[in-house]
Amino acid sequence: MKLLEERIRQEGLILSDTVLKVDSFLNHQVDTALALEIGREFGRIFAGRGITKVLTIEASGIQFAMAAGIALGVPFVYAKKKKAVTLSESVYTAPVHSFTRQETYQISVSQKYLGPADHVLIVDDFLATGAALVGLVDIVRASGAKLAGVGCVIEKSFQEGRSLLENKGVEIHSLARIASMAPGEVHFIGNETV
Ligand code: G4P
Ligand code: NA
Ligand code: NA
């Protein structure tokens, strides 16, 4: 997605060879028009597939899942990282290992909002190590829902997330794929999106 690549070039702060800060338009302050355009792009990629629900994880996947849900005319659900105080509901859970924080936490989705009748599109902001996305894929499979694929806003292709998901048979579409980066420069892999 050219528009997104341009914004990354203009406003992205490359903090090291592996960390990209996009707080001015994606991760802290959110450019709402760009978020909606990102949603429309996911909508175009997954059109006609019979998607019934978009799934993401809190916090920074939410605005893109909402935008994709608007484009596809379906609800979105976000997995929670903390156990709800009200433990009355049955939930699907999956462990996620955070490499940045060196800890494992549980993510959960109520069984009320995901089931065998669903056809799910998973959306997230970053595809990095893929740990959180693997957790979401495991939850979709545990629910009996069908998985259409994963849509990521930014993929750091030099990290292992894509191959981890591909090994699980997951279809992945990323709107900006970064082959490599260093302070002051970023190299994208060409892709099918506009
Ligand atoms: P992950 O690949 O499963 O997300 O795990 P990892 O431990 O690699 O990343 C930890 C968090 O950092 C994740 O957010 C992930 O989206 C985010 N992240 C990874 N690489 C980058 C990067 O280059 N830039 C930015 N801005 N974020 C990155 P999270 O823990 O799910 O938190 P949240 O922000 O969604 O609440
Ligand atoms: Na995220
Ligand atoms: Na994040």
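Note that the structure is predicted; figures quoted are calculated from it, not measured. (Residues numbered from 1 in each chain as written. Chains lettered and ligands numbered in written order. Predicted model: local features only at pLDDT ≥ 70, side-chain atom pairs only at ≥ 80, totals over all residues.)

Student: Account for the overall build of the protein, naming residues and giving values.
Tutor: Looking only at helices and strands, the protein has six helices and ten strands in total. Here the protein has a C-alpha radius of gyration of 16 Å; the compact-globule value for 194 residues is 16 Å, and the two agree. Taking the principal axes of the C-alpha coordinates as reference, the protein spans close to 50 × 40 × 30 Å. Counting over 194 residues, the protein shows a buried share of 40%. Summarising the internal contacts of the protein: among those between residues at least 6 apart in sequence, 60% fall at separations of at least 24. (Helix = DSSP H or I, 4+ residues; strand = E, 2+ residues; numbered from the N terminus. Rg over C-alpha atoms; globule rule 2.2 N^0.38 Å. Buried ≥ 20, exposed ≤ 12 C-beta atoms within 10 Å, placed from the backbone. Contact = placed C-beta atoms within 7 Å.)

Student: I'd like a rundown of the sheet that holds strand β10 (residues 185-189), residues and numbers included.
Tutor: Overall, mixed pairing links the six strands, which are arranged β4-β3-β7-β8-β9-β10 in an open sheet. With one partner strand each, in any of the chains shown, β4 (76-79) and β10 form the two edges of the open sheet. Taken over all neighbouring pairs, the strand axes of this sheet differ in orientation by 25° on average, direction set aside. By the bridge criterion, six bridges tie strand β8 (residues 146-156) to strand β9 (residues 172-182) in an arrangement that is parallel. Pairing of Lys156 across the sheet is with Ile178, part of β9. Across the sheet, helix α1 (residues 2-11) is in contact with β9 and β10; its angle to β9 comes to roughly 30°. (Pairing = 2+ DSSP bridges. Axes fitted to C-alpha atoms, helices over the stretch in contact; angles between N-to-C directions.)

Student: Got a sec to walk through the site of ligand 1? Specific residues and values, please.
Tutor: Around ligand 1 sit 21 residues in total, of which Ala59, Ser60, Ala128, Ala131 and Ala132 are the nearest. Taken together, the elements giving at least two residues each to the shell around ligand 1 come down to β2 (20-21), β7 (119-127) and α5 (131-143). Taken together, the residues of the shell around ligand 1 break down into ten nonpolar, eight polar and three charged. (Near = placed C-beta within 6 Å. Nonpolar A, V, L, I, M, F, W, Y, C, P; charged D, E, K, R; others polar.)

Student: Kindly report on the pairing of β10, identifying the contributing residues and their values.
Tutor: With zero of its five residues buried, β10 lies for the most part at the surface. What sits between β9 and β10 in their antiparallel hairpin is a turn of two residues, with Gly184 showing a positive phi close to 90°.

Student: Got a sec to walk through the pairing of strand β3 (residues 53-57)? Specific residues and values, please.
Tutor: β3 sits mainly inside the fold: five of its five residues count as buried. Across the two faces of β3 the burial is the same, with Lys53, Leu55 and Ile57 and Val54 and Thr56 all buried. The pairing of β3 with β7 spans three bridges and is classified as parallel. Paired with Leu55 across the two strands is Ile122, which belongs to β7. Across four bridges, the pairing between β3 and β4 is parallel. Residue pairing across strands places Ile57 opposite Ala79, the latter belonging to β4. Handedness of the β3-helix α4 (residues 62-72)-β4 crossover: right-handed. (Right-handed = clockwise from strand over helix to strand, strands pointing away.)

Student: Tell me what's going on with the packing of helix α3 (residues 32-45) against α4, and back it up with residues and numbers.
Tutor: The relative placement of two packed helices is expressed as an angle between their axes plus a distance between the axes. At their nearest, the axes of α3 and α4 sit 7 Å apart, and the two run at 55° to each other. For the element pair α3 / α4, the angle class is oblique. The crossing of α3 and α4 is right-handed. Contacts between α3 and α4 involve Ala35, Leu36, Ile38, Gly39, Arg40, Phe42 and Gly43 from the former and Gln63, Phe64, Ala67, Ala68, Ile70, Ala71 and Leu72 from the latter. (Parallel < 35°, antiparallel > 145°, perpendicular 65-115°, else oblique. Left-handed = near helix turned anticlockwise from the far one by under 90°.)

Student: Report on the environment of Ile107, specifying residues and quantitative values.
Tutor: Structurally, Ile107 is set in strand β6 (residues 103-110). Given 22 C-beta atoms within a 10 Å radius, Ile107 is considered buried. Taking the C-alpha atoms as reference, Ile107 lies 9.8 Å from Tyr78; in sequence the two are 29 residues apart. Those residues in contact with Ile107 that lie beyond four places of it in its chain are Ile57, Ala79, Lys80, Lys81, Thr93, Ala94, Val96 and Gly135.

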